[in-house]
Amino acid sequence: MDERTVHRFPFGPAVALELDPKYRKLQESERVARVRMPFGGDAWLVTGYEDTRFVLSDPRFSRAVTLEMDLPRLQPRIVQNPEMIMSMDPPDHTRVRQVAARAFTPRRVERLRPWIAGQVDGLLARMAGQGPPADLVRDLALPLPIAVICEILGVPFADREKFRVWSDIVMSVTAFTPEEIQAAFQSLTEYLQWLVKQRRVAPADDLFSAMVRARDTEAVMSERELVTFGVTLLVVGHETTVNEIADMMFVLLRDGGYAELARGGGPPVPRVVEELLRFVPLESPGGFARVATEDVVVGGTLIAKGEAVYTQLSAANRDPRVFADPDAIDFAAEREQHLTFGFGPHRCLGAALAKAEIELAVEGLLRAFPGLRLAVDPERVTWKLDRLVRGPEALPVTW
Ligand code: HEM
């Protein structure tokens, strides 16, 4: 190990949607920084766009190995499961991903759009009936993604609230005890086992039925992998989308972008969503680590076999070498090369679905509430702490 500075990580508490200026400093001075994690010792942190893409796509960086070691990490214990797609390396990852990708097709997402739009309209009609004011988190951002995941899994309506509670617990970093998190995982798993059996007896037209069919006809996936995949969808597809919707609406309402869109002035909503996906620092510090399976040089720094590397997607999305004036929102610029959905073999399987949900949510709001505005000063919005992704606790609005 050379004499380089070891930075304490995370750098500081995440404040609202501010991106810690230290990331920019590191992009300029140290492409690959040594960081001391709260648990498990030191790791590497890459902050630049190209280095991030390299680490996320080079097969010498493993996700599976992170499960077998005392990983440098943010939380005392990470609940990880080797059968989760996120924790797999090839060839297992390729095998499971192929089955999932066969069910998660763009066509299926397209077919869901009218259904999602209907859900948005229903939620907004209820909001109109109860307010003003309203809370965009409670009334739209939170219920929409869970409804969509339940729909693709074929979860009966009556069980949906149970799901929300379990996935909320599973996503917490320190708000719940490891035992509580494990128990929530267990409950989700048992429920999904039951659901797989249901799908087998009475197949439906949902995505999960397509996966059950693929597993039963081709047997390329174990029963446990299938069940775990269902749980994974809840965990990774829910909290991310909830907070992305809330964060984007916060930015649009705070900066006047919403009013411009409502006047019919702004760019098309998909363009707005794409740029906000880049701009909003959704990820709390420290995403999913990778471990080098052999010595690898990244940006001139040797990462030795067995060492852990963290990326920070929101920092990469603000890399001035790739995005001109990166801290400014520019709807005219085409910046869809952002890394908010990751890169490489683990790139988000639900990206198209998530984008459809966000676009339809914003479009629905513009239709139903053209005069929407924040009901409090932006500084008074309170933010969730200790989560894997950032978002407001509540987003009070009026119209
Ligand atoms: C705005 C919302 C979302 C964001 C920002 C997001 C972001 C991400 C990112 C960054 C990764 C890769 C992580 C890594 O490689 O370290 C990922 C993976 C994944 N996402 Fe998403 N996601 C979102 C919504 C969804 C939705 C709605 C679903 C499905 C219902 C979903 C399903 C998945 C799955 C299955 C993986 C694992 C893929 C693999 O390991 O091969 N995501 N997501």
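Calculation rules
- Residues numbered from 1 in each chain as written.
- Predicted model: local features only at pLDDT ≥ 70, side-chain atom pairs only at ≥ 80, totals over all residues.
- Heavy atoms only, no water.
- Helix = DSSP H or I, 4+ residues; strand = E, 2+ residues; numbered from the N terminus.
- Rg over C-alpha atoms; globule rule 2.2 N^0.38 Å.
- Buried < 20%, exposed > 50% of the residue type's maximum accessible area, 1.4 Å probe, protein only.
- Contact = heavy atoms within 4.5 Å.
- Areas by Shrake-Rupley, 256 points an atom, 1.4 Å probe, with all protein chains shown as cover.
- Lys, Arg positive; Asp, Glu negative; His and termini not counted.
- Charge placed at Lys NZ, Arg CZ, Asp CG, Glu CD.
- Donors = N, O, S within 2.8 Å, 3.2 Å for Na, K, Ca; no water.
- Expected span 1.5 Å × (residues − 1).
- Arc of directions from axis to C-beta.
- Core = buried A, V, L, I, M, F, W, Y, C linked by side-chain atoms within 4.5 Å.
- Pairing = 2+ DSSP bridges.
- Near = heavy atom within 4 Å.
- Polar contact = N/O pair within 3.5 Å; in protein donor to acceptor, adjacent residues only side chain to side chain.
- Nonpolar A, V, L, I, M, F, W, Y, C, P; charged D, E, K, R; others polar.

Student: Any chance you could break down the overall build of the protein chain for me, citing the residues and the numbers?
Tutor: Summing up its helical and strand segments, the protein chain has 14 helices and eleven strands in all. Relative to the 2.2 N^0.38 estimate, which gives 21 Å for 399 residues, the radius of gyration of the protein chain is 21 Å and therefore close to what a compact globule would have. On the principal axes, the C-alpha backbone points of the protein chain span a range of 65 × 50 × 40 Å. Across the 399 residues in the protein chain, those meeting the buried criterion constitute 52%. In the protein chain, the share of contacts with a sequence separation of at least 24, taken over all contacts with a separation of at least 6, comes to 73%. If you sum the accessible surface of the protein chain, you get close to 17,300 Å²; carbon and sulfur atoms cover 54% of it. Each charge sign in the protein chain was given a centre, from 48 positive and 56 negative side chains, and these centres are 2 Å apart.

Student: Break down the coordination of the iron atom of the ligand for me, with residues and values.
Tutor: Protein coordination of the iron atom of the ligand is limited to a single donor, C348 (SG), positioned at 2.3 Å. With respect to the secondary-structure elements, C348 resides in the loop between α13 (313-316) and α14 (351-368).

Student: Report on helix α3 (residues 92-103), specifying residues and quantitative values.
Tutor: Relative to the 16 Å expected for twelve residues at 1.5 Å per residue, α3 spans 17 Å between its end C-alpha atoms, a close match to the ideal helical length. Among all positions of α3, only H93, V96, V99, A100 and A103 are buried. Around the axis of α3, the buried residues are gathered within 140° of arc, so they sit on the same side. Each element contacted by the buried residues of α3 is listed here: α4 (106-130), α9 (207-218) and α10 (223-255).

Student: Report on the nonpolar core, specifying residues and quantitative values.
Tutor: Counting 94 residues, the largest nonpolar core has L136, F163, M249, L365 and L372 as the members making the most contacts within it. The dominant element in this core, judged by the number of residues it contributes, is α10, at 16 residues. Aside from chain neighbours lying at most four places away, what touches F163 is I146, C150, L153, V155, L188, Y191, L192 and L234. Ranked by size, the runner-up nonpolar core spans 16 residues in total, among them M37, A43, A289 and A315.

Student: Could you give an account of the pairing of strand β3 (residues 42-46), naming the residues involved and the relevant values?
Tutor: Judged by how many residues are buried, β3 sits mostly within the fold: four of five residues are covered. As paired strands, strand β2 (residues 32-36) and β3 are joined by five bridges and run antiparallel to one another. Looking at the pairing, R34 lines up with W44 of β3. Between the antiparallel neighbours β2 and β3 lie five residues, among them G40 with a positive phi of about 85°. Relative to strand β9 (residues 308-311), β3 runs parallel, the two being bridged by three bridges. Considered in β9, the bridge of W44 is made with V309.

Student: Tell me about the site of the ligand, and name the residues and values.
Tutor: Inspection of the region around the ligand gives 25 residues, with H93, R97, R290, H346 and C348 positioned closest. A distance of 2.8 Å separates an oxygen atom of the ligand from a polar atom in the side chain of R97. Note that an oxygen atom of the ligand is positioned 2.8 Å from one of the side-chain N or O atoms of R290. Within the residue set of the shell around the ligand, elements represented by two or more residues are α3, α10 and α14. Here the shell around the ligand is composed, by residue class, of 14 nonpolar, eight polar and three charged.

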